[in-house]
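This is what each chain is made of:
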Amino acid sequence: MNRIFVALLCLGLAAPAAAHQKSVSYSKWTPFAEGALVQAKVSWFDLTSLPEAQGVREEDFDSSTFISYLQEHLRLRTDHGPCDVIDATSTVLPAERGWMRVEWRVTCDGEPTSLRSDLFAGLANHVHFATVLGDIGTDVVLSSATPSATLSSSTRGQPTGVLSYVRLGVEHILSGWDHLAFLLLLIVVASRLREVVLLVTGFTVGHSITLAAASLGAIVPNPRAVESIIAASILVVAVENVGAERTRSGRWVLIAMLGLFVLTASVGGVPAFWGLALFAACYFGFLWGSDRAGRLRWALACLFGFVHGLGFSGVLLEQDLPRAALVEALFGFNLGVELGQLAMVAIAWPVIQWLRRRGRGAPLVEWSSFAGAVIGTFALVVRAFGP
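All figures in this text were calculated on a predicted structure; none of them were measured in a lab. (Residues numbered from 1 in each chain as written. Predicted model: local features only at pLDDT ≥ 70, side-chain atom pairs only at ≥ 80, totals over all residues. Heavy atoms only, no water.)

Engineer: Which residues make up helix H8 (residues 248-266), and what values go with them?
Structural biologist: The terminal C-alpha atoms of H8 lie 27 Å apart, and with 19 residues this matches the ideal 27 Å at 1.5 Å per residue to within 8%. Among the residues of H8, those classed as buried are Gly250, Val253, Leu254, Met257, Leu260, Phe261, Thr264 and Ala265. In a view along the axis of H8, the buried residues occupy a sector of 140°, so they form one face of it. Facing away from the buried side of H8, by more than 90 degrees, are the exposed residues Arg248 and Trp252. (Helix = DSSP H or I, 4+ residues; strand = E, 2+ residues; numbered from the N terminus. Expected span 1.5 Å × (residues − 1). Buried < 20%, exposed > 50% of the residue type's maximum accessible area, 1.4 Å probe, protein only. Arc of directions from axis to C-beta.)

Now the structure itself:
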């Protein structure tokens, strides 16, 4: 327990660092008589991976260099070859902090038949989302594994779009260490398979509701608050796993955690943490006086699942899809998330049971909780107090 306490105090003083962001880029293609208007959006963080950006500050970037890079590595093609960029048509558009949005035009010899992205090939798991309007009317997901997609009005509405979002959902959950860490900490103390099913179901119900609500525009999430609370959810479950409220040293850990939440709300500028601090105080106070509180873990999984679902929704919100396409994308993406989640549980649960049978269950809970407390605290500090 003392190790967790020391780690919390040390990480609470950690210097801010750049928050982890999934490497993604976006484009929208609007066809006209002999070509298309292109709008592309990329993050400055991804641009810094390019050789020409090494050691250059964001405010000193030469946008023309990066526009040329985008135009060379994001290509629309016809049966006669790639479409050509129309000279002197590129424009830098307004974008939120940390992103670059540009527009240019291409001319094509014939009807577009495919779209290819070689953007940021040096980055692991970079994903590009493209929306093609007009008669083709399709959405494609491109990555290093599938860098190109066929475009044709005859294939519009076929299940390739759904399958691409299923794949994206699987990749997103399997590469989302914070979501996986939260889920693993939930099931590591489960004693029976039935309990695992309840916990996973609670998490699924929670994130499915808010993923749909945010993607359909019913909720407008604050990305900074959402990512910070996701990190805090790892910390809360890690502290609960070791029964911190039941020992004197553990209560100091709780006080440190609540203090971090209050600091995040007051100094970090994330007001939602006032509510999280109040919830955590009430929740652990209830655990202190109850011997059957374990039955409420499915509710905790569901409540934090609401927040994780808002985190999932960011992938779809950035694409600005029309409602009909969004419903299809939402179904495929959520299905992919569930498949990836179930695959992780199917692998982790037998390993947990195997360790328990060999008398290593208690050390597993202790060390996983220690690791969860460390990474949860660090991620919270980085996301709430970082740039």
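From this point, the narrative continues.
Engineer: Can you break down the pairing of strand E2 (residues 35-43) residue by residue, with the values?
Structural biologist: Counting buried positions along E2 gives eight out of nine residues, so the element sits mostly inside the fold. Two strands pair when backbone bridges link them, and strand E1 (residues 24-32) and E2 are joined in this way by seven bridges, in the antiparallel orientation. Its bridge partner being in E2, Lys28 is matched across the sheet by Gln39. Here E1 hands over to E2 after two residues, the two strands then running antiparallel side by side. As judged from the nine bridges shared by E2 and strand E7 (residues 99-107), these two strands associate in the antiparallel manner. (Pairing = 2+ DSSP bridges.)

Engineer: Before we move on, could you go through the environment of Gly309 and cite the residues and values that matter?
Structural biologist: Relative to the elements of secondary structure, Gly309 occurs in helix H10 (residues 297-317). The exposure class of Gly309 is buried, given its relative accessible area of 0%. Sequence separation of Gly309 and Asn334 is 25 residues, and the distance between their C-alpha atoms is 9.6 Å. If we ignore the near neighbours within four places in the chain, the residues touching Gly309 are His207, Thr210 and Leu211. (Contact = heavy atoms within 4.5 Å.)

Engineer: So what about the packing of aromatic side chains? Which residues, and what values?
Structural biologist: Within this structure, the stated rule accounts for ten aromatic pairs. Centroid distance Tyr26 to Phe129: 5.3 Å. Interplanar angle 15°. Geometry classified as stacked. Residue Tyr26 is located in strand E1, and its partner Phe129 is located in strand E9 (residues 127-132); the two are separated by 103 residues in the primary sequence. With respect to burial, Tyr26 and Phe129 carry one shared label: buried. Judged by centre distance (5.9 Å) and plane angle (75°), the rings of Phe182 and Phe304 are edge-to-face. Placement of the pair is Phe182 in helix H5 (residues 177-187) and Phe304 in helix H10, with a sequence separation of 122 residues. Comparing Phe182 with Phe304 shows no difference in burial state: the two are buried. (Phe/Tyr/Trp six-rings, centres within 6.5 Å; stacked < 30°, edge-to-face > 60°.)

Engineer: Tell me about the pattern of salt bridges, and name the residues and values.
Structural biologist: Two side chains that carry opposite charge are able to pair once their charged atoms sit near each other. All told, the structure shown has four salt bridges when counted by the stated rule. The shortest N-O distance in the salt bridge between Arg116 and Asp118 comes to 3.3 Å. Since its relative accessible area comes to 33%, Arg116 is described here as partly exposed. Put simply, Arg383 and Asp178 hold a salt bridge, and the shortest N to O gap is 3.0 Å. Placement of the pair is Arg383 in helix H12 (residues 361-385) and Asp178 in helix H5, with a sequence separation of 205 residues. When sorted by exposure, Arg383 lands in the same class as Asp178, which is buried. (Salt bridge = Lys/Arg side-chain N within 4 Å of Asp/Glu carboxyl O.)

Engineer: I'd like a rundown of the sheet that holds strand E11 (residues 148-150), residues and numbers included.
Structural biologist: Pairing within the open sheet is antiparallel, and its four strands lie in the order E4-E3-E8-E11. Since the sheet does not close on itself, it has two edges, and those belong to strand E4 (81-82) and E11, each with one partner. Here strand E8 (residues 114-117) pairs with E11 via three bridges, running antiparallel. Bridging from a neighbouring strand, Leu115 pairs with Ala149 of E11.

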